[in-house]
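# Overview (structure and organization)
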Amino acid sequence: MEVVAVGLWLLAFLGLGALALPLAAWVLGDLDHAGFAIPIALVVLAIVGHLVGHVAFVLPALIAGLAAVGALSALAARRTDYDYGTDLRESWEFALVFVVAFLLIVLLRALDPAAAPLPLAIGEKFLDFGLLNTLDRAGRLPPEDMWFAGESVRYHYGGHLITTLVATLTGTEPALAYNLGLAGFYATLVTAAYGLAGSIARPYDVSQRIAAGLGAFFVGLAANLEPFGRVLVWLAPDSVADTIAGWFSLDERALGWSPGDFGYFDASRVIPIDPTAGDSPAAATEFPLFAWLNGDLHAHMMVQPFMLLAAGVLLAAWRGSTTRRRRVLFGALVPVVGVIGLVDLWSFPVVLGLTGVVVFALPGEPLIPWPDAVKAGGRVGRELQSLLTAVCVAFAVLVGALGLTLPYWLLVVAGGAGGSVQFWEPWTPLSPLLVVHGAFLLAIGVFLARMVTTHAPTVRERAGRVSTSLVFLLGVAGVAVTAILGAPALGLVAPLLLACWWLLRTVDEPPFELALVAAGAGLILLVELVTIEGERFNVIFKPYVHVWLFWSVATAVVLPRLAGATPSPPSVDTRRLRQHGAMIAVLLVVVTGVYAGLAVAHHLDDGPQTTGNGPTLDATAYLESEYPEEAEAIRWIDEREGQPTLLTAAPGSYYWDPDDGEGATAPASLTGVPTVLGWFHERQYRGDDPYETRLDAVETMYTGNASQQTALFDEYGVDYVYVGPAERNRYGSITVGDHDTVTVAHRSGSVTIYEVSR
């Protein structure tokens, strides 16, 4: 395995974090800023690298980004009474968390490193690896689309940009940077979760390290209840196994399941896309460990550490003075939100929503000095004032984030195709909702019930002592009623939203975790009510990623508080409360940790996969063993300088199977050399007419006469024509080599590559 590259990437990430420590301390104040130093460094690197990259990319963008991180940290150190040596020594704990998380993914990816499509791998690895390759070749931004030669990409590429900059810093080729980038983003995420959970828990009378450790566990290793359900069915007597399988939304295959049959993919597909369709496929309801086992270097994964950084910045605002709040929200939060939009467009509205929720719930003086007419009106007036403040702040952050990343929005997003927002009528059944959210709901529900019974003197005066159990059971009854009425999600999240709102307005020093709970509940309800035409899969998938993050961190803080008998309702035996809280904590760690135990064990038992020669981080190591007839030709293309234009069969798909003529996008995706038309995703990105025009042109260039081919070669700037199994299978009689404008440039295996003369 590539030990030197692993060491260089570890040094690069830790070095960036060390360089950004003064800046992190300046932004986050008394929070555990070391947990956020690496994502803060990456934010500055991405913002500056993106802007400079439109003039010159890659090395100039990297140098400018590193200089900006250093300059901002130097400024922060001068503006504060900062002791760099002490801070660096005290950051060992977060560095250790990062190293352990990084090496875990290095180990897992070394056994299954292939950036390949079906049938070798599942997911969109060709998209992700292609973006990484085209950025590596790009002289300027935006990068050229490897599947639509001559045009810029129509996809959020910020995470791949960051990976490319770190790869340049370490002198790493894309084939290694793909898996090392995965390890880096995972470790950054887990370390940020460790820092955020510990920071939230700091004011409470609980162990900060336990909260931080639970944050790292729930974000980095925990899973939903689907694997636990399979284990229960396996252990249960035959007479009740079928019933348990129904509770956990498991199909009939679960009845004959045993741990030896474990598959890592099943737990990620629980929520049906359309509950009214009996055979509806399931949308992705991913959790980080699944995503990193699957191994796509995808936008929804790379954005997650920055979402937790945004939550950390909002926590700093929550605990700061009014003046500091304004500086943090309009200074530090703006670039973080800008990078979130650059990395994953789907997450952009989510972080703005989180901002709105936190600002709406901010305790203390209002951020905006509204006129008396707005302030009037008692409780309703105050709520209106909070709502207007939240909207204004979120809008200001939006404008600032757009301004910092304006070239991306003008040159990439503005040209993409979109879909209309629509009302979604079917409601998700209760069972899959509980499988996905049930573990967190148990902890959060008990915590809110305790909070309500602790801070409800009026209710106690009128109705006598109200127990936590009664409040919790009332919530369960509400869920049951709404499930019978056909809207179970409403019963699950409405009580959470109402309880959070009431507590945020009632408690003297409201806990920040309530804002995370409310944000997650709001996302679930929004997903149930709204969809985007043709995007129902993603409408469930992308928001649910952040529900997992918000509720993981909230649960990590809630569990130690429950085990410590805080909050504690009056006249209740705190020893019994501590016992119950500890039991809940142990239970949730066990049931959500089943997946990690099974998945990691099976991954290690399977040994090296699709590599041909043992553990490696080379994402293309499978070529010679799995596709020997095309491997040498693809390596030859990869050696070409710059970004010449390649012609391959179109359209491509999620498969690379030469026997069936699939794999047309492999040369472009694996090298970054753009093809005239690649995967069918380009229809989604650019619309039907441009897609169909190129599709017809590609066929003509392979099968037309010499004059047609020459004209189209000139129109699309074709430099090389790839003729392999997919092309022969799709077009039959290929005429491209029958005239003098092309010559054979390379021939190996079952591939001939022609060079086009100008």
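Residues numbered from 1 in each chain as written. Predicted model: local features only at pLDDT ≥ 70, side-chain atom pairs only at ≥ 80, totals over all residues. Heavy atoms only, no water.

A count of helical and extended segments in the protein chain gives 33 helices and eight strands. In terms of overall size, the protein chain behaves like a compact globule, its C-alpha atoms giving a radius of gyration of 27 Å where 758 residues would be expected to give roughly 27 Å. Overall size of the protein chain, expressed as C-alpha extent along the three principal axes, is 95 × 70 × 50 Å. The proportion of buried residues among the 758 residues of the protein chain is 59%. Distance between charge centroids for the protein chain: 15 Å, based on 41 positive and 69 negative side chains. (Helix = DSSP H or I, 4+ residues; strand = E, 2+ residues; numbered from the N terminus. Rg over C-alpha atoms; globule rule 2.2 N^0.38 Å. Buried < 20%, exposed > 50% of the residue type's maximum accessible area, 1.4 Å probe, protein only. Lys, Arg positive; Asp, Glu negative; His and termini not counted. Charge placed at Lys NZ, Arg CZ, Asp CG, Glu CD.)

This part takes up the nonpolar core. The tendency in soluble globular proteins is for nonpolar side chains to be buried side by side. One finds F102, F550, W551 and Y595 to be the most contacted residues of the largest nonpolar core, which totals 241 residues. A per-element tally of this core places helix 8 (residues 174-201) first, with 19 residues. Sequence-distant contacts of W551, defined by excluding residues within four places in its chain, comprise H437, F440, L441, I444, L496, L516, V517, G520, A521 and I524. (Core = buried A, V, L, I, M, F, W, Y, C linked by side-chain atoms within 4.5 Å. Contact = heavy atoms within 4.5 Å.)

The predicted model of the protein chain averages 90 in pLDDT, with 95% of residues at 70 or higher. Ranking the elements of the protein chain by mean pLDDT puts helix 21 (residues 457-463) last with 47 and helix 2 (residues 37-53) first with 98. Note that pLDDT drops below 50 for residues 458-464; the model gives that stretch eight contacts with residues more than four away or on any other chain. (pLDDT = per-residue confidence, 0-100.)

Sheet architecture is open: four strands sit in the order 5-6-8-7, paired in mixed fashion. This sheet does not close on itself; its edge strands, each paired only once, are strand 5 (645-647) and strand 7 (742-748). On average, adjacent strands in this sheet sit at an angle of 25 degrees to one another, irrespective of strand direction. With four bridges connecting them, strand 6 (residues 718-723) and strand 8 (residues 751-756) associate as antiparallel partners. Residue pairing for strand 8: V723 is matched across the bridge by T752. The strands touched by helix 31 (residues 688-703) are strand 5 and strand 6; relative to strand 6, the strand with the most contacts, the crossing angle is about 75 degrees. Against the sheet, helix 32 (residues 706-716) engages strand 5, strand 6, strand 7 and strand 8, with an angle of about 120 degrees to strand 6. (Pairing = 2+ DSSP bridges. Axes fitted to C-alpha atoms, helices over the stretch in contact; angles between N-to-C directions.)

Another aspect to go through is the packing of aromatic side chains. Across all of its chains, the model carries 33 aromatic pairs by this definition. Seen in terms of ring centroids, Y264 and F265 are 6.0 Å apart; in terms of plane orientation they differ by 85 degrees. Their pairing is edge-to-face. Accessibility expressed as a relative area gives 22% for F265, which makes it partly exposed. Plain terms: the ring middles of Y627 and W656 are 3.7 Å apart, the flat faces sit at 5 degrees to each other, and that makes the pair stacked. Of this pair, Y627 sits in the loop between helix 27 (623-626) and helix 28 (628-638) while W656 sits in the loop between strand 5 and helix 29 (666-671), placing them 29 residues apart in sequence. Here the two residues Y627 and W656 agree in accessibility, since each one is buried. Here the aromatic cluster, defined as three or more aromatic residues joined through ring pairs, consists of F217, F218, F262, Y264, F265, F287, F290, F440, W548 and Y595. Here the basic side chain of R505 rests over the ring of F360, its NZ or CZ set 4.6 Å away from the ring centre. (Phe/Tyr/Trp six-rings, centres within 6.5 Å; stacked < 30°, edge-to-face > 60°. Lys NZ or Arg CZ within 6 Å of the ring centre and 35° of its normal.)

Okay, the pairing of strand 7 next. The side chains of a regular strand alternate between the sheet's two faces. In the sheet, strand 7 pairs with strand 8 via six bridges, with the strands oriented antiparallel. The residue of strand 8 that forms the bridge with V742 is V756. Hairpin geometry of strand 7 and strand 8 is characterised by an intervening segment of two residues between the two adjacent antiparallel strands and by a positive phi of about 55 degrees at G749.

Along the polypeptide, A116 turns up in the loop between helix 5 (92-111) and helix 6 (125-137). Note: C-alpha distance between A116 and F129 (13 residues apart in sequence) is 8.7 Å. Excluding its chain neighbours within four sequence positions, the residues that come into contact with A116 are A121, K125, F126 and Y622.

This part is about the side chain of D145. Looking at where D145 falls in the secondary structure, it is placed in the loop between helix 6 and helix 7 (158-170). By relative accessible area, which is 3% here, D145 ends up buried. In terms of polar contacts, D145 uses its side chain to reach the backbone amide nitrogen of W147, at 2.9 Å. When neighbours within four sequence positions are excluded, D145 is seen to be in contact with E151, S152, V153, R154, P674, E682 and R686. (Polar contact = N/O pair within 3.5 Å; in protein donor to acceptor, adjacent residues only side chain to side chain.)

Let's shift gears to a nonpolar patch on the surface. On the surface, a nonpolar cluster with roughly 330 Å² of combined accessible area is contributed by L384, L387, L388 and V391. Among the structural elements, L387 can be located in helix 18 (residues 378-404). (Patch = residues over 30% accessible without salt bridge, like charges linked within 9 Å, V, L, I, M, F, W, Y side chains within 5 Å. Areas by Shrake-Rupley, 256 points an atom, 1.4 Å probe, with all protein chains shown as cover. Salt bridge = Lys/Arg side-chain N within 4 Å of Asp/Glu carboxyl O.)

This next bit is on the environment of G130. With respect to the helices and strands, the residue G130 is situated in helix 6. Distance in space between the C-alpha atoms of G130 and T665 is 9.5 Å, their sequence separation being 535 residues. Residues contacting G130, with those up to four places away along its chain left out, are K125, M146 and S669.

A complete count under the given rule lists 15 salt bridges for this structure. A salt bridge links D251 to R253, with the nearest nitrogen and oxygen atoms 2.8 Å apart. Residue classification places D251 among the partly exposed positions, given a relative accessible area of 30%. Under the relative-accessibility criterion, R253 is labelled exposed at 56%. We note a salt bridge from E639 to R640, for which the minimum N-O separation is 3.6 Å.

For the rest of this paragraph, the subject is the packing of helix 20 (residues 430-454) against helix 23 (residues 488-506). Two elements in contact, helix 20 and helix 23, have axes whose closest approach is 11 Å; the angle formed by their N-to-C orientations is 25 degrees. In terms of orientation, helix 20 lies roughly parallel with respect to helix 23. When the axes of helix 20 and helix 23 are compared, the crossing they make is left-handed. Each of L430, L433, L434, L441, I444, L448, M451 and V452 in helix 20 lies in contact with helix 23, whose residues at this interface are P488, A489, L492, L496, A499, C500, W502 and L503. (Parallel < 35°, antiparallel > 145°, perpendicular 65-115°, else oblique. Left-handed = near helix turned anticlockwise from the far one by under 90°.)

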